Amino acid sequence: MHYQSTRGAAPLLGFRDVTLAGLASDGGLYVPQSWPSFSREQIAALAGLSYVETAVRVMLPFVGEDLSEDELRELCTRAYGRFAHAAVTPLVQLDQQQWLLELFHGPTLAFKDVALQLLGLLFERFLRGGNQHLTIVGATSGDTGSAAIDAVAGRIGVDIFMLHPKGRVSEVQRRQMTTVLAPNVHNIAIEGSFDDAQALVKAMFNDRDFAGRFQVTAVNSINWARLMAQVVYYFYAAVRLGAPDRPVAFSVPTGNFGDVFAGYVAAKMGLPVAKLVVATNVNDILHRALSTGDYSAGTVTPTDAPSMDIQVSSNFERLLFDLAGASVADQMRGFEANRAMQLSNAQRQGAAALFASDRIDAAEMNGAMRWAHAEAGQVLDPHSAIGLAAARRAGAPAEVPVVTLATAHAAKFADAVERATGVRPSVPSRVGDLYQRQERYDVLPATFEAITSYIAERATPKA
Ligand SMILES: *Cc1c(COP(=O)(O)O)cnc(C)c1O
């Protein structure tokens, strides 16, 4: 299996190198040169398999020669052994048609664990033996930071530097990061905003000398291996609901378009997906792009679903490329210059064949939380509630089950959930002693000089 860049000017890479590289050298994103395809019989044979076995079958075609089937199975067993539910991603029925796929049973209570737990192990596996060393640098407003730190804590060959805006993440979110005391984890509270933190990280990636010297890489959802790991649960859920004989629709609370793109990949591989509903909050660039063809960024409005408060959805480029290869590099350069672009007719029509979209405001989100609680006794987090609101409005035919991806545990957003439903969700016991654990982090000014010299003192340079 070879991977190509969406911008067409980077070398083709195998799975190992794509995993370690993150972004392509031409600024594009890596995608497989062709989609593996599963026959009806192969899909039917997934029935009754465990999550780990499903994961091995679905991901094997993507890893090529870089991992044996047994190695992949071992990594999946370790990654998903850390989940608190035997089914890893259990399905819960809400009513005759609506289902939830609970993706939040990992160590940090958000769906990002599903992919990052595996990614941390892949990094370690691919760095083993050589004297290579990877320096992960990221900025977080909350969820990604804790999931990434948990996934790489203690892993050999990797250091992680995570920047968060001092005093602007919740105490639970901060403690989930700063109580991880492994020596390869470096938490930095910067004296500035999340945007300042993100700008500093961008500047570091763009400093080719610095990035090259420390082999700096990213763990956000531009990394192909993350998307690959997310394809698995679409198969797992659909097979449980009757695929390949019965098509299934999914509704996905969407920010960076990573999670829902994994659903597109599943459909490309032959899974009978009736519809993929892209659910946004009021930060609705994707809803506008899919419904009118206008992909133009505005300013971010903060909401109770902060992981979807986004104006630029990096993974959308992967879809545009798959729908109409050649023009994407120009299109994206235009977008980067003007923060706006139009989808081509081919892209609009191609997307409309599989995607629907909806924009859910605060009242509709709260209504969905109340409905799930009253109707099915389920307490949803705000992100999942946005997915459910869009799912219920999507108008799928009665015989098609609609699965909403539940992307976070309600306890991560307890205040918003309590405001909507009157119920205050409690933090599961496995993360419950956060307030007793020791914290470790350093506070730095939000300057390029301060951050890079901090990292240079602690990271391992290229041999
Ligand atoms: C990251 C995140 C999302 C958005 O996922 P994308 O892959 O960026 O579209 C939705 N909900 C939660 C809770 C998240 O953490």
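Let us look at the structure shown here. What you see is a predicted model; the values in this text were computed from it and never measured. (Residues numbered from 1 in each chain as written. Predicted model: local features only at pLDDT ≥ 70, side-chain atom pairs only at ≥ 80, totals over all residues. Heavy atoms only, no water.)

## Observations concerning the site of the ligand
Residues in contact with the ligand amount to 14 residues; listed here are only the nearest, Lys112, Gly255, Asn256, Asp259 and Thr407. At 3.3 Å from an oxygen atom of the ligand is found a main-chain nitrogen or oxygen belonging to Gly258. Between the ligand and Thr407 there is a distance of 2.9 Å, counted from a nitrogen atom to a side-chain nitrogen or oxygen. Protein chains bury 97% of the 380 Å² of accessible surface belonging to the ligand in isolation. Looking at the shell around the ligand residue by residue, the classes come out as four nonpolar, seven polar and three charged. (Near = heavy atom within 4 Å. Polar contact = N/O pair within 3.5 Å; in protein donor to acceptor, adjacent residues only side chain to side chain. Areas by Shrake-Rupley, 256 points an atom, 1.4 Å probe, with all protein chains shown as cover. Nonpolar A, V, L, I, M, F, W, Y, C, P; charged D, E, K, R; others polar.)

## Structural notes on the pairing of strand 10 (residues 273-280)
Taken residue by residue, a regular strand's side chains alternate between the two faces of the sheet. Among the eight residues in strand 10, six count as buried, and that is most of the element. Pairing of strand 9 (residues 248-253) with strand 10, which is carried by six bridges, proceeds in the parallel orientation. The residue of strand 10 that forms the bridge with Ala249 is Lys275. Where strand 10 and strand 13 (residues 355-359) come together, five bridges link them in parallel fashion. Paired with Val278 across the strands is Ser357, a residue of strand 13. (Buried < 20%, exposed > 50% of the residue type's maximum accessible area, 1.4 Å probe, protein only. Helix = DSSP H or I, 4+ residues; strand = E, 2+ residues; numbered from the N terminus. Pairing = 2+ DSSP bridges.)

## Re the sheet that holds strand 10
Across the sheet, which stays open at both edges, the six strands sit in the order 3-4-14-9-10-13 with mixed pairing between neighbours. Strand pairing shows two members of the sheet lacking a second neighbour, strand 3 (91-93) and strand 13, which therefore form its edges. Taking the axes of each pair of neighbouring strands and ignoring which way they run, one obtains an average angle of 25° across the sheet. Along the sheet, helix 10 (residues 224-240) contacts strand 3, strand 4 (98-102), strand 9, strand 10 and strand 14 (402-406); its crossing angle with strand 9, the most-contacted strand, is approximately 140°. Strands strand 10 and strand 13 of the sheet are contacted by helix 12 (residues 285-292), whose axis makes an angle of about 130° with strand 13. (Axes fitted to C-alpha atoms, helices over the stretch in contact; angles between N-to-C directions. Contact = heavy atoms within 4.5 Å.)

## Comments concerning the side chain of Glu317
By the secondary structure assignment, Glu317 is in helix 13 (residues 316-323). Within the structure, Glu317 has its side chain in polar contact with the side chain of Thr6 (distance 2.7 Å). Excluding its chain neighbours within four sequence positions, the residues that come into contact with Glu317 are Thr6, Arg7, Gly28, Leu29, Val328 and Met332.

## Points about the layout of surface pockets
Space inside the second largest pocket adds up to approximately 220 Å³. Contributing to the lining of the second largest pocket are 13 residues, with Pro107, Thr108, Asp150, Val431 and Arg437 lying nearest its centre. Of all elements in the fold, only helix 6 (143-152) and helix 7 (171-178) reach the threshold of two or more residues within the lining of the second largest pocket. Of the residues belonging to the lining of the second largest pocket, the class tally is four nonpolar, four polar and five charged. (1 Å grid on protein atoms, 1.4 Å probe; cavity = no way out; pocket = protein on both sides within 12 Å on 5 of 7 lines; lining within 4 Å. Points joined across faces, edges and corners; volume = space filled by probe spheres on them.)

## Description of the packing of aromatic side chains
For the structure on display, the rule yields 20 aromatic pairs. In this structure, Arg392 packs its charged tip against the face of Trp371, placed 3.8 Å from the ring centre. Against the face of Tyr454 rests Arg458, its NZ or CZ located 3.7 Å from the ring centre. (Phe/Tyr/Trp six-rings, centres within 6.5 Å; stacked < 30°, edge-to-face > 60°. Lys NZ or Arg CZ within 6 Å of the ring centre and 35° of its normal.)

## Focus on the sheet that holds strand 5 (residues 134-139)
Sheets are built from strands that pair by backbone hydrogen bonding, the pairs being arranged parallel or antiparallel. Taken together, the five strands give an open sheet; going across it, the order is 8-5-6-7-15, and neighbouring strands pair in parallel fashion. Only two strands of the sheet have a single neighbouring strand rather than two, namely strand 8 (216-217) and strand 15 (442-445). With six bridges connecting them, strand 5 and strand 6 (residues 158-165) associate as parallel partners. Bridge pairing in strand 6 places Ala139 opposite Leu163. Each of strand 6 and strand 7 (185-191) is contacted by helix 7, which is oriented at about 160° to strand 6, the strand it contacts most.

## Here's the deal with unusual backbone geometry
Between Ala243 and the following residue, Pro244, the backbone shows a cis peptide bond with an omega angle of 5°. Inspection of the secondary structure assignment puts Pro244 in the loop between helix 10 and strand 9. Phi is positive for Val88, close to 65°, though the residue is something other than glycine. Relative to the helices and strands, Val88 is located in the loop between helix 4 (69-81) and strand 3. Of note in this structure, Gln215 is not a glycine but carries a positive phi near 45°. Relative to the assigned elements, Gln215 resides in the loop between helix 9 (208-213) and strand 8. On the accessibility criterion, Gln215 (18% relative accessible area) is buried.

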